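In case you want the letters, here they are:
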Amino acid sequence: MGIDKYKVTSGNKFLLKNYETTPGKNPMYDKKERADILKKNKDEIRVLQSRLYADGKAGVLIVLQGMDGGGKDSVIRNVIGVNPQGVKVHNFRQPSTRELNHDYLWRVIPVLPQRGMISIFNRSYYEDVLVVKVHELYRKLNILDRCKDDGTIKRRYKQIKNFEEYLWENGVITVKLFLHLSKEEQCKRFLRRIDREDKNWKFSDSDLKERGYWDNYQEAYETAIAATSTPENPWWILPADKKEYTHVVASEVILETLKALNPQYPVVTKEQRQTLIKNREILTGKNA
C-alpha cells in the first residue's frame, strides 16, 4: 500500500478521525532511517525538478494546508530543496481590498505555475471554504445576494473541483497536502512560540482565537477534502505531529508525482550537436 494509505481520491466515507496525526505504532519509516530517506528523496527531487524545468511541458502546484502550527513553513524549508529558478512560493494571507473586489480565485491565477515550474502555495484558495466558512465571511461581501446565500460554500466546492480539473487538463498537476495536526501538539507548538524569544514573532492573539474554533475548522477541512478529492487531484493527509516524519512523507508524495510525470531533457538534434561542437572549438581556441 505504501504512501497510498495517506491518499484520498474520493470523498466517500472520508473522515479525518480515520487518519493518525502521528506515525503510529508501526510507522512506514523507521526513526533512524528518516534523515537518510529524506536526503535521498531531496536529491532525486532536485534532478527531476531540473528536468521538469528543461522539459517545459507541465507545471506542478503544491498546495499546503493545515491548522496554525501545522508546519507548512517547515515543509517548504526542509523538503523543497530545489533550484529556486524553477520554484516559486506564494503565501496567501487575508485578501486585500483590491482582491476582495474580484472573485475569490482571481488572486490565484497570476501565480499559477507556468509549464516547467513548481509553485508552492502556503495556504491557498481553500481558505475561501475554510476560514470564510467558519466565520461566514462571504456574507459580508459587497456582492449580489444570490452569490452569498446559504449555498455559497457548497457551490465553491464544485467550483474548486472544476478549477483543479481544468488545471489538470491543461498540464498543471496539483499536489494537495493537508498537515494533520492534533490539538495537543498545536498547544505545545504555541507554547514554544511564547517561551522562545526567537519564536515570539510567530505567535499572535489571533492564533489563540482561531484555536477556539478547532472543531469548526476540523469539520470545514473534512468537508472540503471530501468534496474536492478526485483520482487526478487527490488530497494527501500527512501526520503532522512529528515533523521529521511529515517531511519524509511529503518528500515521498512529491517525488512520486514527479516520477509519474517523467520529465526529460530536450533531445539535441544532429544539427544542434554540430553547432555545439563548433562552439566548443571556438571556446577552446582550436578554431580561433
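Computed from a predicted model, the values in this text were never measured in an experiment. (Residues numbered from 1 in each chain as written. Predicted model: local features only at pLDDT ≥ 70, side-chain atom pairs only at ≥ 80, totals over all residues. Heavy atoms only, no water.)

> Tell me about the overall build of the chain, and please be specific about residues and values.
Of regular secondary structure, the chain possesses 10 helices and six strands. Counting only C-alpha atoms, the chain reaches 75 × 50 × 40 Å along its principal axes. Expressed as a percentage of its 288 residues, the buried residues of the chain come to 44%. A separation threshold of at least 6 residues defines the contact pool for the chain, and within that pool the share at least 24 residues apart is 81%. When the accessible surface of the chain is split by element, carbon and sulfur atoms take 49% of a total near 16,400 Å². Of the charged side chains in the chain, 51 are positive and 39 negative, and the gap between their average positions amounts to 3 Å. (Helix = DSSP H or I, 4+ residues; strand = E, 2+ residues; numbered from the N terminus. Buried < 20%, exposed > 50% of the residue type's maximum accessible area, 1.4 Å probe, protein only. Contact = heavy atoms within 4.5 Å. Areas by Shrake-Rupley, 256 points an atom, 1.4 Å probe, with all protein chains shown as cover. Lys, Arg positive; Asp, Glu negative; His and termini not counted. Charge placed at Lys NZ, Arg CZ, Asp CG, Glu CD.)

> Can you lay out the pairing of strand S2 (residues 59–66) for me, pointing to particular residues and giving the numbers?
Across the eight residues that make up S2, a large majority, eight, are buried. Burial of S2 is two-sided: the residues Gly 59, Leu 61, Val 63 and Gln 65 facing one way and the residues Val 60, Ile 62, Leu 64 and Gly 66 facing the other way are all buried. Strand direction decides the pairing type here: S2 and strand S5 (residues 172–180), joined by eight bridges, are parallel. When the sheet's bridge partners are listed, Leu 64 is paired in S5 with Leu 177. (Pairing = 2+ DSSP bridges.)

> Let's hear about the packing of helix H1 (residues 34–55) against helix H9 (residues 243–261): which residues, and what values?
At their nearest, the axes of H1 and H9 sit 9 Å apart, and the two run at 30 degrees to each other. Considering the angle they form, H1 stands roughly parallel to H9. When the axes of H1 and H9 are compared, the crossing they make is left-handed. Here Arg 34, Ile 37, Leu 38, Asn 41, Glu 44, Ile 45, Leu 48, Gln 49 and Leu 52 of H1 lie close against H9, whose contacting residues are Glu 244, Tyr 245, His 247, Val 248, Ser 251, Glu 252, Ile 254, Leu 255, Leu 258, Lys 259 and Leu 261. (Axes fitted to C-alpha atoms, helices over the stretch in contact; angles between N-to-C directions. Parallel < 35°, antiparallel > 145°, perpendicular 65-115°, else oblique. Left-handed = near helix turned anticlockwise from the far one by under 90°.)

> So what about the sheet that holds strand S6 (residues 235–239)? Which residues, and what values?
Read from one edge of the open sheet, six strands run S1-S6-S5-S2-S4-S3, paired in mixed fashion. Looking at which strands have only one partner, the edges of the open sheet turn out to be strand S1 (7–8) and strand S3 (87–91). In the packing of helix H2 (residues 72–79) onto the sheet, contacts are made with S2, S3, strand S4 (118–122) and S5, and the angle to S2 comes to roughly 140 degrees. Those strands touched by helix H5 (residues 152–169) are S2 and S5, and its axis lies near 135 degrees from that of S5.

> I'd like a description of helix H8 (residues 214–228), backed by residues and values.
The terminal C-alpha atoms of H8 lie 21 Å apart, and with 15 residues this matches the ideal 21 Å at 1.5 Å per residue to within 8%. Regarding H8, the residues found buried are Trp 214, Tyr 217, Gln 218, Ala 220, Tyr 221, Ala 224, Ile 225 and Thr 228. Projection of H8 onto a plane perpendicular to its axis shows the buried side chains occupying an angular sector of 165 degrees, all on one side. (Expected span 1.5 Å × (residues − 1). Arc of directions from axis to C-beta.)

> Give me the packing of aromatic side chains: which residues, what numbers.
A ring pair, where both rings are aromatic, is described by two values, the distance of the centres and the angle of the planes. Here the structure, examined in full by the defined rule, presents eight aromatic pairs. Between Tyr 29 and Tyr 245, the ring centres sit 5.8 Å apart and the planes meet at 55 degrees, which makes this aromatic pair tilted. Here Tyr 29, found in the loop between S1 and H1, pairs with Tyr 245, found in helix H9; they are 216 residues apart in sequence, far enough to count as distant. According to the relative accessible area criterion, Tyr 29 is buried, its value standing at 7%. The rings of Tyr 125, Tyr 126, Phe 163 and Trp 235 are connected pair by pair, giving a single aromatic cluster. (Phe/Tyr/Trp six-rings, centres within 6.5 Å; stacked < 30°, edge-to-face > 60°.)

> Just give me the short version of unusual backbone geometry, but keep the residues and values in it.
Not every positive phi belongs to a glycine, and Arg 123 is a case in point at roughly 70 degrees. Tracing the sequence through the fold places Arg 123 in the loop between S4 and helix H4 (131–134). Even without glycine at this site, Asn 262 takes up a positive phi of about 50 degrees. One can find Asn 262 in the loop between H9 and helix H10 (270–283).

> Kindly report on the pattern of salt bridges, identifying the contributing residues and their values.
Applying the stated criterion to the full structure yields 18 salt bridges. The salt bridge partner of Glu 219 is Lys 133, with a shortest N-O separation of 3.1 Å. Highlighted residues: Glu 219 in helix H8 and Lys 133 in helix H4, separated in sequence by 86 residues. On the basis of relative accessibility, which here comes to 38%, the residue Glu 219 falls in the partly exposed class. Note that Asp 198 is salt-bridged to Arg 196, the shortest N-O span being 2.7 Å. Overlapping salt bridges, with partners in common, bring together Lys 39, Asp 43 and Arg 46 in one network. (Salt bridge = Lys/Arg side-chain N within 4 Å of Asp/Glu carboxyl O.)

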